[in-house]
Every structure is written in structure tokens, then in C-alpha cells.
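Notes for the structure review
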Amino acid sequence: MPHAIVLSIAIIWMAILLAISLILVIAGPSLLEQILAFDMATMMILGGLLLLALARDSSFDLDAGLMLALFSFGGTMAATRYYRKGTIFS
Amino acid sequence: MSGLVPWVSDVLILGALLMLTIALYGVFRMPDIYTRLHAASKTAVFGIAPLLLVIVLTGDAAFISRALLMGVFIILTTPVAAHSIARAAFETEPPEHIERWTPVDGMPREFESRDS
């Protein structure tokens, strides 16, 4: 287990990174960069969930992170296929 | 040996945060979708994997099993998602709109025009 002060600073810093990447989701220059920033924001939420599981000493946050990684991958693939072809399933 | 684990965990957490910050700055700084993708693809291996290693270092079986599952899944799926974004960018935009210093078919644009 890491020290509590490092864990608190890390959670606050991860929240700041998440806020910046959500700004990038809104203000991306093109749609593909918004998709990319959304993928990155999911990674930030995933890191925050890992830190939260360490801070609260509960393994249920890791289940939530696993499902978040799963749906993030599916969402990115569906969005890029829709952007490329116009349909998700061809 | 076990007294060293909290300090190693601290170093891993701060290194992961440093890499995530550098990757986000790279997404802001880079001019092109391909180079932004290059910066953003570093978050999975260098940002999430040290945090998973910290969770493995706690030594609890419920934590270790979920962390290993998540690590395998993320390392398998992040290159696929990045390739899908790059393929969508390459197929929808004409290649003339790629920035000048992004290599097209392995050659930068200026060297390609110098040879021809």
C-alpha cells in the first residue's frame, strides 16, 4: 500500500487530468480527435478508479474499471466504424 | 523487504501520473491526428500498467486477479482502438491534408518531393 498523502495527491491530480481531457472532448478540432480524447478520458477515469480501489481498500472498484475498459473499447470501435463506413455492422 | 513496498508504490504512482500528464500535453501540443494518436497511445502501457503493478504489490488475491485481467485486456485492446482511429483518419481524409512532416508511406513529404 502506498502512503495516504501520495494517494490523496494522486487522486486530485488525476481529477485535474480528467477535467482537461473532458475539455479536449468538447473542444477537439475534428470528430476523430474528439473520439481520441474520449478514449483518453476513459483511461483517466480508469486510473482514478484504480487509485480509488487502493484508497478505499475495496476490490469492487476494479470490477467497475474492467467494465469501463470493455465498454470504452466497444465504443471507440463503433464510433470509428460509423465514421468510416456510415454503418457499424456492414 | 516488506518495508520497501510503500516507497516503491509511491514511486510507481508518481511516475504513472507523470506519464499521463506528458501524454495529455502531447495531445494538446501535436498538430496532427496521427501524432496525437502517437502521444495518446502511451497512456495504456506507461500510465495504467504501473498503477496495476501497484495493485499487484498489495498482495491481496482479489486485487491481483482483477488487476491481471484488466492489464491483459487493456494491453490487447488499446493498439486495436488506435489502429481503428488511424484507419478512419486515413480513409476519410485525402492524404494531401496530412501535415508536412508526417511520413507518408514511410517517407516524409519533403524528401518525397525532392526525389521526384
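Residues numbered from 1 in each chain as written. Chains lettered and ligands numbered in written order. Predicted model: local features only at pLDDT ≥ 70, side-chain atom pairs only at ≥ 80, totals over all residues.

1. Quick notes on the overall build of chain A
A count of helices and strands for chain A gives three helices and zero strands. Secondary structure elements of chain A occur, N-terminal to C-terminal, as α-α-α. A compact globule built from 90 residues should have a C-alpha radius of gyration of about 12 Å, whereas chain A, at 16 Å, is more than 25% larger. C-alpha extents for chain A along the principal axes are approximately 50 × 25 × 10 Å. (Helix = DSSP H or I, 4+ residues; strand = E, 2+ residues; numbered from the N terminus. Rg over C-alpha atoms; globule rule 2.2 N^0.38 Å.)

2. Concerning helix 3 (residues 42–57) of chain B
Its 16 residues give helix 3 of chain B an end-to-end C-alpha distance of 22 Å, which sits within 8% of 22 Å, the value for a rise of 1.5 Å per residue. Along helix 3 of chain B, the largest kink reaches about 30 degrees and is centred on A49(B); proline P50(B) follows within four residues of it. For helix 3 of chain B, the complete set of buried residues consists of T43(B), A44(B), G47(B), I48(B), P50(B), L51(B), L52(B), V54(B) and I55(B). Against helix 2 (31–56) of chain A together with helix 1 (5–29), helix 2 (33–40) and helix 4 (61–92) of chain B lie the buried residues of helix 3 of chain B. Just beyond helix 3 of chain B, the residue with positive phi is G59(B), at close to 85 degrees. (Expected span 1.5 Å × (residues − 1). Bend = angle between axes of the 7 residues up to and from the residue. Buried ≥ 20, exposed ≤ 12 C-beta atoms within 10 Å, placed from the backbone. Contact = placed C-beta atoms within 7 Å.)

3. Considerations on the nonpolar core
Counting 47 residues, the largest nonpolar core has L36(A), M40(A), M44(A), L50(A), L51(B), I55(B) and I85(B) as its most contacted members. Only helix 1 (4–27), helix 2 and helix 3 (60–85) of chain A together with helix 1, helix 2, helix 3 and helix 4 of chain B provide two or more residues apiece to this core. Looking at this core, the element that brings in the most residues is helix 2 of chain A, giving 14 residues. Filtering out sequence-adjacent residues up to four positions away, L51(B) remains in contact with G47(A), L50(A), L51(A), I13(B) and A16(B). (Core = buried A, V, L, I, M, F, W, Y, C linked by C-beta atoms within 7 Å.)

4. Quick notes on the interface of chain B and chain A
In this assembly, 39 residues from chain B lie in contact with 38 residues from chain A. Of all the secondary structure elements, the ones that give two or more residues to the side of chain B that touches chain A are helix 1, helix 2, helix 3 and helix 4 of chain B. Per-element accounting of the side of chain B that touches chain A gives the leading share, 17 residues, to helix 4 of chain B.

5. A few points about the environment of V5(B)
In this structure, V5(B) sits in helix 1. For V5(B) and R87(B), which are 82 residues apart along the polypeptide, the C-alpha to C-alpha distance reads 43 Å.

6. Structural notes on helix 4 of chain B
Residues and elements named next belong to chain B. With 32 residues, helix 4 extends 47 Å between its outermost C-alpha atoms, agreeing within 8% with the 46 Å of an ideal straight helix rising 1.5 Å per residue. Along its length, helix 4 reaches its greatest deviation from straightness, about 25 degrees, at T77, and the proline P79 lies no more than four positions downstream. Buried within helix 4 we find F63, R66, A67, M70, G71, I74, T78, A81, S84, I85, A88 and A89.

7. Re the confidence of the model for chain B
Residue and element names in this part refer to chain B. A residue-level look at chain B finds 79% of positions with pLDDT of 70 or above and a mean pLDDT of 82. Looking across chain B, the model is least confident in helix 5 (residues 109–115), with a mean pLDDT of 49, and most confident in helix 1, with 91. Throughout residues 111–116 the model reports pLDDT below 50, and contacts reaching past four residues in sequence, or to other chains, amount to two contacts. In the model output, the complex is listed with pTM 0.84 alongside ipTM 0.88. (pLDDT = per-residue confidence, 0-100.)

8. As for the packing of helix 1 of chain B against helix 3 of chain B
All names here are of chain B. Helix 3 packs onto helix 1 with a crossing angle of 165 degrees between their chain directions and a minimal axis gap of 9 Å. Here helix 1 lies roughly antiparallel to helix 3, going by the angle between them. Where helix 1 crosses over helix 3, the handedness of that crossing is left-handed. Two secondary-structure elements touch here, helix 1 through V5, V8, S9, L12, I13, G15, A16, M19, L20 and A23 and helix 3 through K42, T43, F46, G47, P50, L51, L53, V54 and L57. (Axes fitted to C-alpha atoms, helices over the stretch in contact; angles between N-to-C directions. Parallel < 35°, antiparallel > 145°, perpendicular 65-115°, else oblique. Left-handed = near helix turned anticlockwise from the far one by under 90°.)

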